[in-house]
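Listed below are the residues making up each chain.
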Amino acid sequence: EIESRYAEKMQALQEELDLRRKTEIHEVEERKNHHISELMRNHEKAFNDLKSYYNDITLNNLALINLLKEQVEEMKKKENHLEKEKADVLLENKQLKEPLQQAQEQVAELQKKLVHYDKDKEALMNARARLKVTQKEMKDLQWEHEVLEQRFSKVQSERDELYQNFTKAIHEVQQKTGFKNLLLERKLKGLMGVLEKKEVELSEVLAASNLEPGTVSLVSHKLEDVLNSKNATIKDLQFQLARVCKAHDDMLQTFEAKLTAFGIPLDNLGFKPLASPTLGR
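Residues numbered from 1 in each chain as written. Predicted model: local features only at pLDDT ≥ 70, side-chain atom pairs only at ≥ 80, totals over all residues. Heavy atoms only, no water.

- The chain is annotated in an unreviewed UniProt entry as Dynein regulatory complex subunit 4 from Indicator maculatus.

Written out as structure tokens, the structure reads:
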């Protein structure tokens, strides 16, 4: 029985130990597999990084090669361009030899003319002195011009003031001379009639007096002088009358325009403005 029990225990212990061994072996295998997988991943990553690094180096080298090729081509173009410029410069140098010779001849001629430089310099100084005098005279004239402009402005303002006063006086006189104008015209017509009558009477007196031609001529001249003086007075009166009538009519038109501008009817005045009579009408 003891041997049987211990045999069973030995069997159970052996099975337990086998199971533990298998379990430990399995765990070891798992750890090894995991470690192998980790190593493979690390190796693959390192390989990919190395591959990317060398790919980048290769691409950079290719780009550098292309860039160097472009630079070589550019340098060749520049070299060709410089060769062409060199040929052009050589040709231009050949073409400039003759102008250079002409320039040298001109330099020699100018050196000859340099002898007269002192005289020209003195003439230039004299011209500058005259220019300064002329500039001073111009400044004086400008000052006089400004003074005259100020006087002109003052005279203009005085003229405008006189014109305003004259217009005001004309308006005041127009109000007082409306009736006198009509009297002057009638008086003028009466004087014209008297003059015609006196001329007829004078002709009759001269015809009846049987005076000498010289006396008649002298009397006629004196009479003509008197008549010319009277005619001048008549024309002056006519001109003054026409001017006063014109100013009166202008004042009426201005007054009516102001009433119209302010919207006041002309019928509200209570009277009808009388226009000045025109001579001969």
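That covers the picture; the talk isn't over yet.
1. Some words on the overall build of the chain
Step number 1: Helices and strands together make up the secondary structure of the chain, namely 3 helices and 0 strands.
Step number 2: In sequence order, the chain lays out its α and β elements as α-α-α.
Step number 3: Residues counted as buried form 5% of the 281 residues belonging to the chain.
Step number 4: Long-range contacts, defined here as pairs at least 24 residues apart, represent 77% of the contacts in the chain between residues at least 6 apart.
Step number 5: In the structure as shown, the chain presents an accessible area of about 25400 Å², 58% of it carried by carbon and sulfur atoms. (Helix = DSSP H or I, 4+ residues; strand = E, 2+ residues; numbered from the N terminus. Buried < 20%, exposed > 50% of the residue type's maximum accessible area, 1.4 Å probe, protein only. Contact = heavy atoms within 4.5 Å. Areas by Shrake-Rupley, 256 points an atom, 1.4 Å probe, with all protein chains shown as cover.)

2. So, the packing of aromatic side chains
Step number 1: If you walk through the whole model with that rule in mind, you get 1 aromatic pair.
Step number 2: Between Tyr 53 and Tyr 54 the ring centres are 5.4 Å apart and the planes differ by 75 degrees, which places this aromatic pair in the edge-to-face class.
Step number 3: Looking at Tyr 53, the relative accessible area reads 49%, which means it is partly exposed. (Phe/Tyr/Trp six-rings, centres within 6.5 Å; stacked < 30°, edge-to-face > 60°.)

3. Focus on a negative patch on the surface
Step number 1: A surface patch of negative charge is lined by Glu 24, Glu 27, Glu 29 and Glu 30.
Step number 2: Note on placement: Glu 29 falls in helix α1 (residues 2-113).
Step number 3: Residue classification places Glu 29 among the partly exposed positions, given a relative accessible area of 44%. (Patch = residues over 30% accessible without salt bridge, like charges linked within 9 Å, V, L, I, M, F, W, Y side chains within 5 Å. Salt bridge = Lys/Arg side-chain N within 4 Å of Asp/Glu carboxyl O. Lys, Arg positive; Asp, Glu negative; His and termini not counted. Charge placed at Lys NZ, Arg CZ, Asp CG, Glu CD.)

4. Some thoughts on the pattern of salt bridges
Step number 1: Taken as a whole and judged by the stated rule, the model has 5 salt bridges.
Step number 2: As a salt-bridge pair, Asp 140 and Lys 136 come within 3.5 Å of each other at their nearest N and O atoms. Taken as a pair, Asp 140 and Lys 136 lie in helix α2 (residues 117-209) at a separation of 4 residues, close to a single helical turn.
Step number 3: For Lys 136, a relative accessible area of 54% puts it in the exposed group.
Step number 4: Between Lys 246 and Asp 250 there is a salt bridge, with the nearest N and O atoms lying 2.7 Å from each other. Pair noted here: Lys 246 and Asp 250 are both in helix α3 (residues 213-261), with a separation of 4 residues, about one helical turn.

5. Considerations on the environment of Leu 241
Step number 1: Mapped onto the elements, Leu 241 comes out in helix α3.
Step number 2: Residue classification places Leu 241 among the buried positions, given a relative accessible area of 5%.
Step number 3: Put simply, Leu 241 and Glu 185 are 56 residues apart on the chain and 8.1 Å apart in space, counted from C-alpha to C-alpha.

6. Overview of a nonpolar patch on the surface
Step number 1: Nonpolar side chains collect at one region of the surface, where Met 10, Leu 13 and Leu 17 lie side by side and expose about 290 Å² of accessible area between them.
Step number 2: With respect to the element layout, Leu 13 can be found in helix α1.

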